[in-house]
Amino acid sequence: MKTNQQSSNNKGKVYLVGAGPGDPGLITLRGKYLLQRAEVVVYDYLANKKLLNYVPESAEFIYAGKKGGGLHAFTQEGINQLLVDHAAAGKRVVRLKGGDPFIFGRGAEEIEQLVEAGIAFEVVPGVTSATAAATYAGIPITHRDYTASVAFVTGHEAPGKKESNIAWDKLATGAGTIVIYMGIKNLPIITRKLMDNGRAPDTPVAVVRWASTPKQHSVVGTLATITEVVQKEGVKPPALVIVGDVVKLRKSIDWFEKRPLFGKRMVVTRTREQASELVAKLEENGAACLEYSTIHIEPVDDYQLLDQAIADMDSYDWILFTSLNAITYFFKRLNITGRDSRALATCCIGAVGRATAGELLKYGIHADLVPEKFTGQGLAESLVAGGVAGKRILLPRALKAMETLPEMLTDAGAEVTVAPVYQNVPPQGRKDELREELTDGDIDVVTFTSSSTVTNFLTMVGADNEKELHQLLKGVKIAAIGPITAETVRKNGLRVDIQPDSYTIADMVDAIVDHYAPREG
Ligand code: SAH
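In this text, all values refer to a predicted model and were calculated from it rather than measured experimentally. (Residues numbered from 1 in each chain as written. Predicted model: local features only at pLDDT ≥ 70, side-chain atom pairs only at ≥ 80, totals over all residues. Heavy atoms only, no water.)

**Overview of the sheet that holds strand β7 (residues 177–181)**
Then step 1. Pairing is mixed in the open sheet, where five strands are placed in the order β6-β7-β10-β8-β9. Sheet topology places β6 (150–154) and β9 (217–222) at the edges, where each strand pairs with a single neighbour. In this sheet, adjacent strand axes meet at a mean angle of 20° when their direction is disregarded.
Then step 2. Set on the sheet, helix α4 (residues 129–136) makes contact with β6, β7, β8 (204–209) and β10 (239–243); between it and β10 the angle comes to about 70°.
Then step 3. Contacts from helix α7 (residues 226–233) reach β8 and β9 within the one sheet, and its direction differs from that of β9 by about 150°. (Pairing = 2+ DSSP bridges. Helix = DSSP H or I, 4+ residues; strand = E, 2+ residues; numbered from the N terminus. Axes fitted to C-alpha atoms, helices over the stretch in contact; angles between N-to-C directions. Contact = heavy atoms within 4.5 Å.)

**Things to note about the site of the ligand**
Then step 1. Around the ligand sit 17 residues, and of these Ile103, Thr128, Ser129, Ala211 and Ala239 come closest.
Then step 2. Within the backbone of Gly98, a nitrogen or oxygen atom sits 3.0 Å from a nitrogen atom of the ligand.
Then step 3. Out of a free accessible area of 540 Å², the ligand has 93% covered by protein chains.
Then step 4. The residue makeup of the shell around the ligand, split by class, is 12 nonpolar, four polar and one charged.
Then step 5. Inspection of the shell around the ligand shows a minimum of three residues originating in each of domain 1 (2–127) and domain 2 (131–258). (Near = heavy atom within 4 Å. Polar contact = N/O pair within 3.5 Å; in protein donor to acceptor, adjacent residues only side chain to side chain. Areas by Shrake-Rupley, 256 points an atom, 1.4 Å probe, with all protein chains shown as cover. Nonpolar A, V, L, I, M, F, W, Y, C, P; charged D, E, K, R; others polar. Domains from an automatic or database assignment.)

**Overview of the sheet that holds strand β3 (residues 60–63)**
Then step 1. Across the sheet, five strands lie side by side as β3-β2-β4-β1-β5; this open sheet has parallel pairing. Looking at the sheet topology across the chains shown, the edges are occupied by β3 and β5 (120–124). When strand polarity is set aside, the average angle formed by the axes of neighbouring strands in this sheet is 15°.
Then step 2. In this sheet, strand β4 (residues 92–97) lies alongside strand β2 (residues 40–43) in parallel orientation, the contact comprising four bridges. Each residue of the ladder has a partner; that of Tyr43, found in β4, is Leu96.
Then step 3. Running at roughly 155° to β4, helix α2 (residues 76–88) makes contact with β1 (13–18), β2, β3 and β4 of the sheet.

**Concerning the packing of helix α15 (residues 431–439) against helix α16 (residues 451–461)**
Then step 1. Running from N to C, α15 and α16 point in directions that differ by 90°, and their axes come no closer than 9 Å. In terms of their interaxial angle, α15 and α16 are classed as roughly perpendicular. Along its contact with α15, which presents Lys431, Leu434, Arg435 and Leu438, the element α16 presents Phe457, Thr459, Met460 and Val461.
Then step 2. When grouped by side-chain class, the residues that make up the contact of α15 with α16 number five nonpolar, one polar and two charged. (Parallel < 35°, antiparallel > 145°, perpendicular 65-115°, else oblique.)

**Side note on the state of the cysteines**
Then step 1. Inspection of the entire model under this criterion finds zero disulfides.
Then step 2. Cys348 provides the cysteine sulfur closest to Cys347, a residue in no disulfide bond, and the two sulfurs are 7.2 Å apart. (Disulfide = S-S within 2.5 Å.)

**A look at unusual backbone geometry**
Then step 1. The omega angle of the peptide bond from Pro237 to Pro238 is 0°, so this bond is cis rather than trans.
Then step 2. Residues other than glycine seldom take positive phi values, yet Met182 does so here, at roughly 50°.
Then step 3. In this structure, Met182 sits in the loop between β7 and α6 (187–196).
Then step 4. Here the phi dihedral of Ser212 falls at roughly 70°; this positive angle occurs in a residue that is not glycine.
Then step 5. As for its position among the elements, Ser212 is in the loop between β8 and β9.

**Comments concerning the confidence of the model for the protein chain**
Then step 1. Chain-level pLDDT for the protein chain is 91 on average; 93% of the residues reach the 70-or-more range.
Then step 2. This stretch, residues 1–9, has a pLDDT under 50; its non-local contacts, to residues over four places away or in other chains, come to 13 contacts. (pLDDT = per-residue confidence, 0-100.)

**Quick word on a negative patch on the surface**
Then step 1. A cluster of acidic residues, Asp432, Glu436, Asp440 and Asp442, forms a negative patch on the protein surface.
Then step 2. Asp432 sits in the exposed class, given a relative accessible area of 61%. (Patch = residues over 30% accessible without salt bridge, like charges linked within 9 Å, V, L, I, M, F, W, Y side chains within 5 Å. Salt bridge = Lys/Arg side-chain N within 4 Å of Asp/Glu carboxyl O. Lys, Arg positive; Asp, Glu negative; His and termini not counted. Charge placed at Lys NZ, Arg CZ, Asp CG, Glu CD. Buried < 20%, exposed > 50% of the residue type's maximum accessible area, 1.4 Å probe, protein only.)

**Let's talk about the pattern of salt bridges**
Then step 1. Applying the stated criterion across every chain yields a total of 22 salt bridges.
Then step 2. The residue Arg250 makes a salt bridge to Glu257 at a minimum N-O spacing of 3.7 Å.
Then step 3. Of the charged contacts, one joins Glu415 and Arg392 as a salt bridge, the two residues approaching to 2.7 Å between their closest N and O atoms. In this pair, Glu415 sits in strand β16 (residues 415–425) while Arg392 sits in strand β15 (residues 392–398), placing the two residues 23 residues apart along the sequence.
Then step 4. Among the ionic contacts, a cluster of salt bridges with common partners joins Asp44, Arg95, Lys97 and Glu110.

**Observations regarding the side chain of Ser212**
Then step 1. Exposure remark for Ser212: the relative accessible area of 3% places this residue in the buried category.
Then step 2. Polar contacts involving the side chain of Ser212 include one to the main-chain amide nitrogen of Asp23, which spans 3.0 Å.

Set out below in structure tokens:
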């Protein structure tokens, strides 16, 4: 007999992984681990594409969605064969499926074929959309005071058909909460069946579309009214139908759709490396973020100047860090030259703001100076106030940057070494997508966290003149992190709508939240 162990001498294996309901944060640690090691990934329409960012670029990506068509819409048999073929060729194949692979996911059918072919496999469960939809709609799927049972049902199978596998007569009153997958098309028949079989017509019902994503849309009614509500509100698949008294609790528990930025779409223009904090904070407040890396950070071609400075480190009085990238690239180079933080033992260290000071802590360094005003000018002013005449100051920074800081220090009598450690290059691609989003009026806010994000964004949008630019950004609010970024926005003929008093990501997010949901007082 063929068993799961048979191909243990062949490294080819299929991992059937539940992607969770939609929010990429809801995948399991095991699922993420496997994605990071995948050689082939076969993914579905319902699996969030953001999860593919975990997969190595060298892997083969195969879209097996049965929805959305495209060139490669596979049949179930086609998918089964695909998994067998790639695993037989010795590959680590991740089959990524929406929700849980074994809940209305045809996961078992894919496994059966693997067993047949003697291919090793593993199944990783996922958060199924039923529990996610309920939770994210503020509905506890069970509750001591309301129900002690819940049933998951497919609504795909028309209840009218003779060979139905669902005993609607027993189900109608047999389960406290009933959650129906794929039930939108047959909603009129399903609700009728439940009522005809004894469930009260005034039983509350919720329908939740695109649960746990920024597109989530929930509507509520009763068994008697929900069909009409769904039609009127234009709720389409993918959606879940939740039937039962627990739906009443949504009134007080609804949290996801109540967040201040829910339903707002924001462009985040940051470096790929740094986008995460801003995106995480905006998303926590409910915003949908479109990440455009208008800047790509690369090492510089020539490190001679920095290497020389590192060799002479003891001769410097100060070393100043004005960006996270400067810190990252400086320490990378320090490491390459065979040295570490101890090389900085004899000089004082200045950081431009709270974030850079925090980053330095990762290298075991407490900044000696963080100015009150988090700008290059602020840093220069604090230093000059303490006296810099005759001091040797090292400034590792971007190849192209503002000259304010070194100029002010030089004017005050310091000897400044500007050592380029990284450069900003505008990345190509996704330009059309961004323009389309703007043209369609789908964007609420564009965020800028530095002057170069502004200029690179404008290059990327590629408007020929100011009129076209205004047309594209009509109705879009612009958020700038601080005065220098704001100045660059204005210089380009645009208006700044949102600007925090303090120049940090957290304050910028607060300012955006205040803009949309002003706090009382
Ligand atoms: N294996 C999946 C279900 C696949 S069947 C799981 O465990 O969740 C496809 C159906 O799942 C859809 O028609 C819809 O009813 C439901 N579904 C999946 N993701 C959903 C989501 N994010 N929001 C609402 N319904 C979803």
